[in-house]
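Geometric and topological summary
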Amino acid sequence: MMKNALAIIFFSCVLLCNYANAVPPKIEGRYIELQDTYTSPVWTKVNFQQQYITPPAVFMLSTNQGGNPAIIRIRNITTTSFEALPLEPSGEDGGHISMGAHYLAVEYGVHQFPDGTIMEVGSTDLLLELQYGSKSGFAPLTPKGYKSLTFAEPFTQRPNFFHSLQTLNSIDSNPPSEALIPFLTVAVESNSLSASGVNIALEASETALGLIKNETVAYMAVEPGSNRTFTDDNGVEVSWETFFTGFEIDGWSDGCNYFSFTNNFSVAPLVVASKNSRQEDDGGWLRSCNLRTDRLGLVVDEDRDGDNERRHVNEEASILAMTSTFVFNGDILDCDTLFPGAISTYNNGEVQLVQGVEITDGNAQFVTTTNLISTALTSPPLCNGQACVAGGYNSL
């Protein structure tokens, strides 16, 4: 029995120590309200809930608040804050009503969560890599192209892929008082997403010509999965999942398309979603509709500059859903903290010591358990030269 108990303790420690040696991300998310730019055309500053060593990647999903075409753009990301606003494309007046949405901030790197899930967060710069529609001001002479992005390590399957522009360097107008020119989003080449990489570009859709400058795109890749959990700095259990929609998302004028969550969320979760295909030249970008605890609605929105229609062929996207509000600094307890002493139990397990056993560790005469049994008739077990005593508490 002693041998079996020690084996269980050993393998538990090995597994948890492997997680401790991995690098979970510093990550956070919460709901925010962005400024109504009709009444006050100024950017909304959002303070992070913790300070980062370097500016993190920030992801936001635009909602269907406000009937005009619009997308949330992000700028001025620092270690403590960022700015965001819904901006409208050419063909619109520029101002937009208040838009409420979640943000997700996560530090760059290849991360492993405590449950073993791998997440890669990176960035790349785009300038000459551009896609647009036939009615765009960029047509027909501006060269088109994609940039190939290779993941740090191949995934075991095609990962969910999320992207977000982090800069706003290309400006030929005065947003938010005016429409944003050039109006840029991110395009993913259809069928390019694989376990090892993806092809991406700037997307101008059917909007007006403008001078494009270097823009930074953040990306996040993680394999599909559900019922993943970790505990944040406030003891909140963060539940999360990621999945593909399939080619099921059509246009703004076609109505909301619903996708059910696998996890059971008690309140409407934080959501991030990104288009993973480009099935037509109109381009377009995602907006959410009718988020609930059990599902997320998505549509592909389009500009009304080249034409007034906002229908769209079916596109594929990745969805991430996470507990609505949380902050996690990425620290995981080391093995000595998880399992104090040479022997320890979990969930009131039993430690049985036979005669002649000698334990040497930094735990004095105590064994980390609530249930210590000795079968010794002679030569009683010793812990650091003293009679062994149950510490009265378990590991973890």
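Report follows, based on the coordinates. All of these numbers come straight from a predicted model, not from anything done at the bench.

Considerations on the overall build of the protein chain
- Summing up its helical and strand segments, the protein chain has two helices and 29 strands in all.
- For the C-alpha atoms alone, the extent of the protein chain along its principal axes is close to 90 × 40 × 35 Å.
- Restricting the contact set of the protein chain to residue pairs at least 6 apart, pairs at least 24 apart contribute 73%.
- Of the accessible surface of the protein chain, which amounts to about 16500 Å², a share of 50% is contributed by carbon and sulfur atoms.
- Counting 20 positive and 45 negative side-chain charges, the protein chain places the centres of these two groups 4 Å from one another.

Remarks on empty space enclosed by the protein
- Summed over the entire model, instances satisfying the criterion amount to one cavity of 30 Å³ or more.
- Considering only enclosed or pocket space, the largest cavity measures out at about 320 Å³ in volume.
- If you go around the largest cavity, you meet 21 residues; those closest to its centre are Met60, Ile71, Ile72, His163 and Ser164.
- Breaking the lining of the largest cavity down by element, the ones donating at least two residues are β3 (57–60), β4 (71–75), β11 (160–165), β12 (185–188), β18 (270–275) and β19 (285–289).
- Residues that form the lining of the largest cavity fall into these classes: 13 nonpolar, six polar and two charged.

Concerning the state of the cysteines
- Tallying each qualifying case throughout the model produces two disulfides.
- The disulfide partner of Cys383 is Cys388, and the gap between their sulfur atoms is 2.0 Å. In this structure the cystine formed by Cys383 and Cys388 twists about its S-S bond by roughly 105°; its chirality is therefore right-handed.
- Given a relative accessible area of 1%, Cys383 falls into the buried group.
- When its relative accessible area of 17% is taken as the criterion, Cys388 is described as buried.

Thoughts on the side chain of Ser192
- Locating Ser192 in the fold gives a position in the loop between β12 and β13 (197–203).
- A distance of 3.2 Å separates the side chain of Ser192 from the backbone nitrogen of Asn199, its partner in a polar contact.

What to know about the sheet that holds strand β24 (residues 358–359)
- The strand order across the open sheet built from three strands is β24-β27-β28, with neighbouring strands paired in mixed fashion. Where the open sheet ends on each side, the last strands, each with one partner, are β24 and β28 (386–387).
- Taken together, the two bridges between strand β27 (residues 382–383) and β28 define a ladder with antiparallel strand orientation. In the sheet register, Cys383 faces β28, and the bridge partner there is Gln386.

Details of unusual backbone geometry
- Here the bond from Ala139 into Pro140 is cis, since omega is -5°, no more than 30 degrees from zero.
- Note on placement: Pro140 falls in the loop between β9 (130–131) and β10 (147–150).
- Each neighbour pair has its own omega, and for Ile181 with Pro182 the value is -10°, a cis peptide bond.
- Relative to the helices and strands, Pro182 is located in the loop between β11 and β12.
- Positive phi, normally seen in glycine, also occurs at Ala364, with a value near 55°.
- Exposure remark for Ala364: the relative accessible area of 33% places this residue in the partly exposed category.

Examining the pattern of salt bridges
- Per the stated rule, a full pass over the model turns up 11 salt bridges.
- Note that Glu83 is salt-bridged to Arg75, the shortest N-O span being 2.7 Å.
- With a shortest N-O distance of 2.9 Å, Asp281 and Arg278 are connected by a salt bridge.
- Accessibility expressed as a relative area gives 38% for Asp281, which makes it partly exposed.
- Here the salt bridges share partners, and the residues they tie into one network are Lys144, Glu203, Arg278 and Asp281.

Some details on the sheet that holds β18
- Judged by pairing direction, the sheet is antiparallel, and its four strands sit side by side in the order β15-β16-β21-β18 without closing on themselves. With partners counted over all chains shown, the strands left at the sheet margins are β15 (225–231) and β18, one partner each. Neighbour to neighbour, the strand axes of the sheet diverge by 15° on average, direction disregarded.
- In the sheet, strand β16 (residues 237–244) pairs with strand β21 (residues 317–322) via five bridges, with the strands oriented antiparallel.

So, the environment of Lys45
- Its location among the elements puts Lys45 in strand β2 (residues 44–47).
- Residues Lys45 and Ala101, spaced 56 residues apart in sequence, show a C-alpha to C-alpha distance of 14 Å.
- Those residues in contact with Lys45 that lie beyond four places of it in its chain are Ser81, Phe82 and Glu83.

Considerations on the packing of aromatic side chains
- With the rule as written, the count across this model stands at 15 aromatic pairs.
- Relative to Trp240, the ring of Phe113 lies with its centre 4.8 Å away and its plane at 45°, an arrangement referred to as tilted. Residue Phe113 is found in the loop between β7 (109–112) and β8 (118–126), and its partner Trp240 is found in strand β16; the two are separated by 127 residues along the sequence. Assigned by exposure class, Phe113 and Trp240 land together as buried.

What counts and what doesn't
Residues numbered from 1 in each chain as written. Predicted model: local features only at pLDDT ≥ 70, side-chain atom pairs only at ≥ 80, totals over all residues. Heavy atoms only, no water. Helix = DSSP H or I, 4+ residues; strand = E, 2+ residues; numbered from the N terminus. Contact = heavy atoms within 4.5 Å. Areas by Shrake-Rupley, 256 points an atom, 1.4 Å probe, with all protein chains shown as cover. Lys, Arg positive; Asp, Glu negative; His and termini not counted. Charge placed at Lys NZ, Arg CZ, Asp CG, Glu CD. 1 Å grid on protein atoms, 1.4 Å probe; cavity = no way out; pocket = protein on both sides within 12 Å on 5 of 7 lines; lining within 4 Å. Points joined across faces, edges and corners; volume = space filled by probe spheres on them. Nonpolar A, V, L, I, M, F, W, Y, C, P; charged D, E, K, R; others polar. Disulfide = S-S within 2.5 Å. Buried < 20%, exposed > 50% of the residue type's maximum accessible area, 1.4 Å probe, protein only. Polar contact = N/O pair within 3.5 Å; in protein donor to acceptor, adjacent residues only side chain to side chain. Pairing = 2+ DSSP bridges. Salt bridge = Lys/Arg side-chain N within 4 Å of Asp/Glu carboxyl O. Axes fitted to C-alpha atoms, helices over the stretch in contact; angles between N-to-C directions. Phe/Tyr/Trp six-rings, centres within 6.5 Å; stacked < 30°, edge-to-face > 60°.

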